[in-house]
Amino acid sequence: MAGGTEFTSRNGTNGVHGNGGDAGYASDASNGRAPRLVTHGSDHDGIQLDDGDDHLAGGLPLAFPSSPEADKQPCGGPLHPCDEEMHRGADDEPPGSLCQEFSSGVTSTVEWLRVNVYEPFTWYMLQRFLIDRFPVLDWLPVYTLAKFLKDLQAGLIVGMMLIPQGMGYADVAGLPLIAGLYSGFAPLIVYFFTGSSRQMGIGPVAIVSLLTAQGVPACNLLCPNADGFLPPDLYPSCPVCEGAEPNPVYWHYATTIALMSGIIQVLLGPLLGFVMNFVPHPVISGFTSAGGLIIAMSQLKDIMGYPIRKGRLHEGIYDFFSQLEKTNVPTMVMGVAAIIFLYIVKKLGQGKVVFFPSWKVHKNVKFGAKLPWAFIVVIVYILVTWGLRLDEHGVKITGYVPSGLPNFELPPGFVDNVPKLLSITIQIVIIGYLESIAVETKFATMLKYTVRPEQEAFAQGMANLVGGMTSCYPVVGSFSRSATNASYESQSPMCNLITGLVIMFTLLFLTELFFFLPKNVLAAIVIVAAVSLVDPSEATFLWKSSKKEFALLLVCFVITAFIALEWGIYISVALCGAEVLFKSTRPKVVRVNNNYIIVYLPGAAGKGDTLAEQLVPANLAGRGILIIRVEGDLNFSAASALKNIISAQFKHALERAQVSEEDDESEREPVLAALVFDLSEMDIVDTTALGALIALVEETEGHDIAVFITGVPPGLVHFLRIESVRSKLGNVEMGKNIDQVATSLKDLEADDGTDAGDREPLFDGRTELSAARYQKSLAQAVDAALHEDERHRNRRHSHDLQNKERIKYNRARTIGGSNSVRMLDPMEATAGSSFLATPGAYLPTPGVAPANLENLPDFEGTLGPAARRRNYSNPLS
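Residues numbered from 1 in each chain as written. Predicted model: local features only at pLDDT ≥ 70, side-chain atom pairs only at ≥ 80, totals over all residues. Heavy atoms only, no water.

### Here we look at the overall build of the protein
Thought 1: Each helix and strand counted, the protein has 30 helices and 17 strands in total.
Thought 2: Per-residue burial over the protein gives 49% buried out of 877 residues.
Thought 3: Taking as baseline every contact in the protein between residues at least 6 positions apart, the subset at least 24 positions apart corresponds to 72%.
Thought 4: Of the roughly 40900 Å² of accessible surface on the protein, a fraction of 61% belongs to carbon and sulfur atoms. (Helix = DSSP H or I, 4+ residues; strand = E, 2+ residues; numbered from the N terminus. Buried < 20%, exposed > 50% of the residue type's maximum accessible area, 1.4 Å probe, protein only. Contact = heavy atoms within 4.5 Å. Areas by Shrake-Rupley, 256 points an atom, 1.4 Å probe, with all protein chains shown as cover.)

Here is the structure:
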């Protein structure tokens, strides 16, 4: 702590006091007051534990104290804590008149607002916020010409790739081809400002296009009436005719999905990472593989020249083989030739030779294969179709493609359409986010730089937000275009800006050239991209390594491909969630021997079964004691299962002891006299878990058995503040470690004058006087432990505040902030751990000495050393 000095408070405890205007931490717990945050004549925070008012860590008053001398105090502003110490003695009550209390409260509130609201909102904090949300402000000032040339090359190549891909994916989505170009324009410009990935190529992709086509509740085409007007939407019985025209409502639904996706991603970006934990990789692999096959099947209609259903895979397969006689030969030849050529070139770009995987590809051939061959094939096919007039021989062409940029407007009927599109939007958000994160993480790891998933969710959300108001359907990160950016060594999101400008130029000047573009070449481009989604190697790996995960992949694949696209991921995620919930209620039991049992709660790391023997105290062996060690966090999900397990073990121990009475004395087991709960590696999280522990203790009543709890967990200490909890656990001995059990039992044996094997029962209970003394000392010790932990937590809070100030200062200097900002020094102390800071969490806290369990009473009913040192009356007793 900057300028901090060590001092000794009135009761002899050590603390840190800030001087020179810096943050200070003062510890004075002689009266058990809670810590509060004060300032010592400067702009920085300090934590002081004094005789003043009870405060939160931020200095906001919790309550105003009162005293009998309130009317004797003059009305005036509050004294500084240091000045109060000079004007009154250690045993005097603080000034407490009503007027002064009100003034003190107002001043403290204003001080809290100044420290926590006004001061943090400074220029460099605004700069930091803008840089976090718009990374272009961070990298553009140091952008160089060399980086721009690489981005220019990558952006131009990807732009030429995106022109045919975008139109092809729009066809998969059931939208007019121009929608694919719109989706490759505005979202890419937005990503230039908000994205942090250097290689991410955002835009329309195959799987999201398929989800859009399957999820929009409308017909994408309508057959005009005789008068030329479009009839009402007949979804799901969509008519099919040669002169069908695009349904504007369908397009409005698609843009509404994009806008809804953007809103969800912007507002719930940090939450998406949590949701993704419930979508394992086998589910995604099975879903995308089935989706890839459905996409490829849906495009065969433009290759073969006759209609093929695209809803379910088996329906498409049936339509394909049942109508082979309707094949249009010119269309099929052109489409198959394009598929073969593009697939071979794609493999060469990956350094592979089709049918000859052992052959090496020369680097020049590999570089040439990375050229925008899809765009080149499109140009060639346009010229061939126009020159030979193949449209007159049954080859379908795109026809008129409108030119110009899209309008910026809200989709019609947005609010009314939200409920009916929410389900498909959630699917697209989940699948799109997973695909984008996988792409950016892969290239960031490969090229050794970092990306922030929450920022990428924000960037993708902003792209969809703007896209939804510019006639786009949902966009995500594309693996193929991102790989092309990486192969041409793109250096920043500038490549997306260049790609977007290429699409803009196309929209303004080139759309008329697409009149003779044959649809079969667009279908060929989509099929080659869709086939790459099918990953049989993943299924092979899972079959060899994990049959359970292979079954999960197979279930997702079958449901997605043959039943319903949307149900595939829903049912698979539900199965995964059910498995997680099932495991969360199934603790693992390890029986070390008849007297020592370890229970690992779900999620507990444990020390391993091989080390279990080392955990058995030697001085407790063979003394009629059942020790149950529990590891992990106990909550409501596993509370019932743990109670049943321990109850069964306890009953089994009683039965075993009764049976052994019939054996010879040499083989007879000691009478069960004590039950020990070793909870040093466990925490009680909620009241259901507490109820299970109390029920176990009550089950031992009537058996004349001593019950011990050693290594009292933080959660239980918090519950022990409640008198009813202490009364229900009144006959339970509590202590720091399991070694004290032997000491307590030895003292009881000495009082009785018998050995463990001769006395029956070993523990005959306390007297009323000793029980009352124990209850009072336990209450005082619990209060002392909680106050000590509060002191450590507030000191950690002070350390966190200083870390934030230092980070803000360094960020300000990086971006040219003011030199008047003074950087606070880190607290100078060794790392420790905070006790009770968060139930179940033992996180290292730099600058905080570790709290301990000395506050808990010894088994004989006396206060621990730390509690005795405090020497104050207990408010809980």
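So that's the structure; there's more coming.
### Here we look at the side chain of Thr511
Thought 1: With respect to the helices and strands, Thr511 occurs in the loop between helix H19 (494–509) and helix H20 (519–531).
Thought 2: Given the relative accessible area of 1%, Thr511 is considered buried.

### Considerations on the packing of helix H9 (residues 248–267) against helix H17 (residues 453–467)
Thought 1: Axis separation between H9 and H17 bottoms out at 7 Å; the angle between their running directions is 155°. When the interaxial angle is binned, H9 and H17 end up roughly antiparallel. By crossing handedness, the relation of H9 to H17 is classed as left-handed. Where H9 approaches H17, its residues Ala258, Leu259, Ser261, Gly262, Ile263, Gln265 and Val266 are matched on the opposing element by Ala457, Phe458, Gln460, Gly461, Met462, Asn464 and Leu465. (Axes fitted to C-alpha atoms, helices over the stretch in contact; angles between N-to-C directions. Parallel < 35°, antiparallel > 145°, perpendicular 65-115°, else oblique. Left-handed = near helix turned anticlockwise from the far one by under 90°.)

### Remarks on the packing of aromatic side chains
Thought 1: Under the criterion given, the structure shown has 14 aromatic pairs.
Thought 2: With a centroid separation of 5.4 Å and an interplanar angle of 65°, the aromatic rings of Trp139 and Tyr143 are classed as edge-to-face.
Thought 3: Taking relative accessible area as the criterion, Trp139 reaches 15% and is therefore assigned buried.
Thought 4: Between the aromatic rings of Phe320 and Phe321, the centroid separation amounts to 4.9 Å while the plane-to-plane angle is 90°, which identifies the pairing as edge-to-face.
Thought 5: On the basis of relative accessible area, Phe320 is assigned to the buried category, the value being 18%.
Thought 6: Assessed through its relative accessible area of 55%, Phe321 is described here as exposed.
Thought 7: Members of the aromatic cluster, joined through ring pairs, are Trp139, Tyr143, Phe192 and Phe193. (Phe/Tyr/Trp six-rings, centres within 6.5 Å; stacked < 30°, edge-to-face > 60°.)

### Overview of the pairing of strand E12 (residues 625–634)
Thought 1: Most of E12 sits inside the fold, with 9 of its 10 residues counted as buried.
Thought 2: Where strand E11 (residues 596–600) and E12 come together, 5 bridges link them in parallel fashion. Looking across to E12, one finds that Ile597 is bridged to Ile628.
Thought 3: Strand direction decides the pairing type here: E12 and strand E13 (residues 674–684), joined by 9 bridges, are parallel. The residue of E13 that forms the bridge with Ile627 is Val676. (Pairing = 2+ DSSP bridges.)

### What to know about the state of the cysteines
Thought 1: Using the criterion set out here, one finds 1 disulfide in the structure.
Thought 2: Cys219 shares a disulfide with Cys238; S-S distance 2.0 Å. Between Cys219 and Cys238 the disulfide shows an S-S torsion of about -90°. By sign, it is left-handed. Here Cys219, found in the loop between helix H8 (206–215) and strand E7 (221–222), pairs with Cys238, found in the loop between E7 and strand E8 (245–246); they are 19 residues apart in sequence, far enough to count as distant.
Thought 3: Cys219 gets classed as buried once you look at its relative accessible area, which sits at 0%.
Thought 4: Here Cys556 is not disulfide-linked; the sulfur of Cys576 is the nearest cysteine sulfur, at 8.8 Å. (Disulfide = S-S within 2.5 Å.)

### Remarks on helix H15 (residues 373–388)
Thought 1: The terminal C-alpha atoms of H15, which comprises 16 residues, lie 22 Å apart, in line with the 22 Å expected from a rise of 1.5 Å per residue.
Thought 2: Within the span of H15, buried status applies to Ala374, Phe375, Val377, Val378, Tyr381, Ile382 and Thr385. End-on view of H15: buried residues confined to an arc of 155°, all on one side of the axis. Set apart from the buried face of H15 by more than 90 degrees, the exposed residues are Leu383, Gly387 and Leu388.
Thought 3: Along its buried surface, H15 packs onto helix H5 (145–172), helix H13 (329–349) and H20.
Thought 4: Arg389 sits one or two residues past H15 and shows a positive phi near 50°. (Expected span 1.5 Å × (residues − 1). Arc of directions from axis to C-beta.)

### Observations concerning the pattern of salt bridges
Thought 1: Enumeration over the complete set of coordinates arrives at 11 salt bridges.
Thought 2: The residue Asp319 makes a salt bridge to Arg309 at a minimum N-O spacing of 2.8 Å. Of this pair, Asp319 sits in helix H12 (residues 313–322) while Arg309 sits in the loop between helix H11 (281–304) and H12, and the two are 10 residues apart along the sequence.
Thought 3: Residue Arg312 pairs with Glu315 through a salt bridge whose shortest N-O separation is 2.7 Å.
Thought 4: Using a relative accessible area of 34% as the deciding quantity, one classes Arg312 as partly exposed. (Salt bridge = Lys/Arg side-chain N within 4 Å of Asp/Glu carboxyl O.)

### Focus: the sheet that holds strand E15 (residues 732–735)
Thought 1: Here we have 6 strands laid out as an open sheet, ordered E10-E11-E12-E13-E14-E15, and mixed in their pairing. Each of the sheet's edge strands pairs with one partner strand only, and the pair in question is strand E10 (588–593) and E15. For this sheet, the mean angle separating the axes of adjacent strands, direction not counted, is 20°.
Thought 2: Pairing of strand E14 (residues 706–710) with E15 involves 4 bridges; the strand directions are parallel. In the sheet register, Ile709 faces E15, and the bridge partner there is Met734.
Thought 3: Across the face of the sheet, helix H25 (residues 687–699) comes into contact with E12, E13, E14 and E15 while running at roughly 175° to E13.

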